[in-house]
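Geometric and topological summary
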Amino acid sequence: MTAPPTYNPMDLTGRHILVTGASAGIGRATALVLARLGARLTLNGRDQDRLDRTLAQLPGTEHATAAFDLAELDAVPAWVKGLAQSRGPFNGLAHCGGTQALRPVRSFRAGFFDDVQRTNLGSTLALARGFQQNGCTQKPAAMVFVSSTAGIKSAPGNIVYATSKAGVIAATKGLAIELLATGIRVNCVAPAIVETELIQRVRNALTPEQYEGLVKTQPLGIGDPVDVGHAVAYLLADTGRWITGTTLCVDGGATA
Ligand SMILES: NC(=O)c1ccc[n+]([C@@H]2O[C@H](COP(=O)([O-])OP(=O)(O)OC[C@H]3O[C@@H](n4cnc5c(N)ncnc54)[C@H](OP(=O)(O)O)[C@@H]3O)[C@@H](O)[C@H]2O)c1
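All of the points below concern the structure found in this document. (Residues numbered from 1 in each chain as written. Predicted model: local features only at pLDDT ≥ 70, side-chain atom pairs only at ≥ 80, totals over all residues. Heavy atoms only, no water.)

Quick look at the sheet that holds strand E3 (residues 64-65)
Here we have seven strands laid out as an open sheet, ordered E3-E2-E1-E4-E5-E6-E7, and parallel in their pairing. Looking at which strands have only one partner, the edges of the open sheet turn out to be E3 and strand E7 (247-250). When strand E4 (residues 90-95) meets strand E5 (residues 137-146), the two strands line up parallel, connected through five bridges. Bridge assignment links Phe90 to a residue of E5, and that residue is Thr137. Each of strand E1 (16-20), strand E2 (40-43), E3 and E4 touches helix H3 (residues 76-87); the most contacted strand, E2, lies at about 145° to it. Sheet strands touched by helix H5 (residues 159-178): E5, strand E6 (184-191) and E7. Its angle to E6, the strand with the most contacts, is close to 160°. (Pairing = 2+ DSSP bridges. Helix = DSSP H or I, 4+ residues; strand = E, 2+ residues; numbered from the N terminus. Contact = heavy atoms within 4.5 Å. Axes fitted to C-alpha atoms, helices over the stretch in contact; angles between N-to-C directions.)

Brief notes about the nonpolar core
If you look at the biggest cluster of nonpolar residues, it comprises 32 residues, and the most contacted ones within it are Ile17, Val19, Leu34, Leu41, Leu43, Val189 and Leu236. Among the secondary structure elements, those contributing two or more residues to this core are E1, helix H1 (25-36), E2, E5 and helix H8 (225-236). Leaving out residues up to four positions away in the same chain, Ile17 has contacts with Leu12, Leu34, Ala39, Arg40, Leu41, Thr42, Phe90, Gly92, Leu93, Ala94 and Leu236. In this structure, Phe68, Phe90, Leu93 and Ile184 belong to the second largest nonpolar core, which totals 30 residues. (Core = buried A, V, L, I, M, F, W, Y, C linked by side-chain atoms within 4.5 Å. Buried < 20%, exposed > 50% of the residue type's maximum accessible area, 1.4 Å probe, protein only.)

A few points about the site of the ligand
Taken together, the neighbourhood of the ligand is formed by 33 residues, with Ser23, Arg46, Arg50, Tyr161 and Thr196 sitting nearest. The separation between an oxygen atom of the ligand and a polar side-chain atom of Arg201 is 2.9 Å. Starting from 890 Å² of accessible surface for the ligand in isolation, the protein chains cover 95%. If you list the elements that add at least two residues to the shell around the ligand, you get H1, H5 and helix H6 (197-205). At four residues, H6 tops the list of elements feeding residues into the shell around the ligand. Classifying every residue of the shell around the ligand gives 15 nonpolar, 11 polar and seven charged. (Near = heavy atom within 4 Å. Polar contact = N/O pair within 3.5 Å; in protein donor to acceptor, adjacent residues only side chain to side chain. Areas by Shrake-Rupley, 256 points an atom, 1.4 Å probe, with all protein chains shown as cover. Nonpolar A, V, L, I, M, F, W, Y, C, P; charged D, E, K, R; others polar.)

Looking at the pattern of salt bridges
Applying the stated rule across the entire model yields four salt bridges. In this structure, Glu197 engages Arg50 in a salt bridge whose closest nitrogen and oxygen atoms are separated by 3.1 Å. Linking Glu197 in helix H6 with Arg50 in helix H2 (residues 48-57), this pair joins segments that are 147 residues apart in sequence. You can call Arg50 partly exposed: its relative accessible area is 23%. Shared partners join several salt bridges into a network, and the residues in it are Asp47, Arg50 and Glu197. (Salt bridge = Lys/Arg side-chain N within 4 Å of Asp/Glu carboxyl O.)

Quick notes on the packing of aromatic side chains
Considering all chains together, one arrives at three aromatic pairs under this definition. With centroids separated by 5.8 Å and ring planes inclined at 55°, the aromatic side chains of Phe108 and Phe113 adopt a geometry described as tilted. Looking at Phe108, the relative accessible area reads 41%, which means it is partly exposed. Judged by its relative accessible area of 33%, Phe113 is partly exposed. Positioned over the ring face of Phe112 is Arg103, at 4.0 Å from the centre of the ring. (Phe/Tyr/Trp six-rings, centres within 6.5 Å; stacked < 30°, edge-to-face > 60°. Lys NZ or Arg CZ within 6 Å of the ring centre and 35° of its normal.)

Okay, here's the thing in structure tokens:
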């Protein structure tokens, strides 16, 4: 008897994908999911040791690290071009790199604003510019950005971050249409609270009661980074081929 043919519409065999934020949390979990689906990955973050730790966990031997500070916005397109030339054009981007720091508006400072906006929203636009360049992508091509439910529902005490993530949602819609002619689909995911170092830092800034209050807003509890990784993979793979310009909430029911 012959074995039934395997059916995996999320198969990514042979696809070259750039994963940012791959040195920690959601990016590391996403890298693992994408590699298990067969993708060949280029892993970005700033911390080489932590990138190497991610690399060591991945199945397959064709992955590589590319440490780089994505807040250096003007240098991003040339960096993407160099990677495409040395490692081959990209089929995908999973942009999981980002920063978060709780601050109420009474602590607003220009330096803080610049840092958060450059790292979260600026990097998104600079990477899109990078991918748009000739020779940097091959079909099928898709980009998925990690936004946040903070950009959709109210986020008191977290307004600068929330505006950067709302900006990512707006950028997703605009880029989806601007990049139609290139064949690159553009989507984003909006997670609520997921158990990562980033959330440990948020937790440390709150009282236990405040943190419990936050968690209670998620009917299905706190997310695992891999839950976000699966959603990113779905949008990058052919399962997402008729989807562009959308925001997929991965939030345990928080926005329901
Ligand atoms: N965790 C949550 O509950 C949650 C919820 C909603 C949205 N998000 C979003 O999900 C994304 C990942 O969050 P996480 O929880 O996994 O955070 P994390 O554990 O703090 O990891 C952040 C990642 O971003 C990278 N990064 C930060 N600044 C960078 C820069 N300037 N250049 C290049 N890489 C940079 C870090 O790499 P290095 O340290 O190596 O530079 C690290 O890999 C972020 O965009 C975050 O806003 C998270």
